[in-house]
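Observations on the model geometry
Below, each chain spelled out in residue letters.
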Amino acid sequence: MFFLFLQINDLLVMSKCEQCIIKQFNALKSLTNDELVRISKCKTSRIIKKGEVIFGEGDTINGVYCVKDGICKLSKLSENGKDQIVKMVVKGQLLGQRSLVTDETSNLQATALNDMEVCFIPKSEIIADLQKNPKFSFDVLKNMGHDLKEADDIIVNMAQKSVRHRLAETLIYIHESFGTNPDGTLSVLLSREDFANIVGTATESAIRVLSQFKKEGLISTVGKFIKIEDFNELKRIE
């Protein structure tokens, strides 16, 4: 019983914002200890299952989500009903930062790619820190600026790079950003439709290009998982 009590206490300690290591990977690291203690008392933690929508287009977020574990995709639904994946958000990053500086509803949908653990911090609790803590404000704006740069890059890539080139870059990005399983396959399992939605093409085209990569020995597959076999050649694709 004593050991169990210690385990429970450890979990409670780890859930406190001021003692959580995850904050070191986002703007929350710029908050003071007192600010983190206050936020810790008002945040709510939540387990999100794979495939579950965290928030959708048109939703009012009214706060930020801190991703403690897992990966989600941010996507935009086009007029023809096709999803365009614009970003993948991973452990340590924040979701919904724009809600802190604007009253607009979300223009993207966030969907869990695997089981996730997130903490939600209400806007009403964190807005004062944004106004009084210039370092925190600067870090939030810097992260938003980085998101805008990524959005610009996506637009340019869609216009100037071939599907083959974009898909090769996506495979390399996933490998370098999220790592691999023990057998060398990419740790993030994406459907062929997800790959198509990332590079902005039809699912059939993504399947065809991935099949070409496999025939050329650039990748292999283990079930639904993909393994990169030749990084150098994959990087040379234009």
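Let me sum up the structure you'll find in this document. These numbers were taken from a predicted model, which means no experiment stands behind them.

A few points about the overall build of the protein chain
Counting secondary structure elements, the protein chain contains eight helices and ten strands. With the C-alpha coordinates of the protein chain rotated into their principal frame, the extents come out at 55 × 45 × 30 Å. Here the protein chain holds 238 residues, and the buried ones make up 41% of them. Look at the contacts in the protein chain between residues 6 or more apart in sequence, and 68% of them connect residues 24 or more apart. Accessible surface for the protein chain amounts to roughly 13200 Å². Of this, 55% is attributable to carbon and sulfur atoms. Put simply, the protein chain has 32 plus and 32 minus side-chain charges, and the middle of one group is 2 Å from the middle of the other.

Some words on the layout of surface pockets
Size it by volume and the largest pocket reaches roughly 1000 Å³. Contributing elements (two or more residues each) for the lining of the largest pocket: β5 (83–89), β6 (94–95) and α4 (134–160). Among the elements that take part in the lining of the largest pocket, α4 stands out by supplying 13 residues, more than any other. In terms of residue class, the lining of the largest pocket is built from 16 nonpolar, 16 polar and eleven charged. What the second largest pocket holds in volume is close to 500 Å³. Listed by contribution, the elements that provide at least two residues to the lining of the second largest pocket are β5, α4, α5 (163–178) and α6 (192–199). Considering each element in turn, the lining of the second largest pocket owes the most residues, five residues, to α4. Among the residues forming the lining of the second largest pocket, the class breakdown is eight nonpolar, two polar and five charged. For the lining of the second largest pocket, the two domains that each supply at least three residues are domain 1 (7–134) and domain 2 (161–236).

Observations regarding the state of the cysteines
Here the structure, examined in full by the defined rule, presents zero disulfides. Of all cysteine sulfurs in the structure, the one in Cys-66 sits closest to Cys-20, which takes part in no disulfide; the separation is 6.2 Å. Unpaired in this structure, Cys-42 has its nearest cysteine sulfur neighbour in Cys-17, at a distance of 7.7 Å. A residue is classified by how much of its surface remains accessible, and Cys-42, at 21% relative accessible area, is partly exposed.

The rules behind each value
Residues numbered from 1 in each chain as written. Predicted model: local features only at pLDDT ≥ 70, side-chain atom pairs only at ≥ 80, totals over all residues. Heavy atoms only, no water. Helix = DSSP H or I, 4+ residues; strand = E, 2+ residues; numbered from the N terminus. Buried < 20%, exposed > 50% of the residue type's maximum accessible area, 1.4 Å probe, protein only. Contact = heavy atoms within 4.5 Å. Areas by Shrake-Rupley, 256 points an atom, 1.4 Å probe, with all protein chains shown as cover. Lys, Arg positive; Asp, Glu negative; His and termini not counted. Charge placed at Lys NZ, Arg CZ, Asp CG, Glu CD. 1 Å grid on protein atoms, 1.4 Å probe; cavity = no way out; pocket = protein on both sides within 12 Å on 5 of 7 lines; lining within 4 Å. Points joined across faces, edges and corners; volume = space filled by probe spheres on them. Nonpolar A, V, L, I, M, F, W, Y, C, P; charged D, E, K, R; others polar. Domains from an automatic or database assignment. Disulfide = S-S within 2.5 Å.

Limitation: the analysis is restricted to geometry and does not speak to function.
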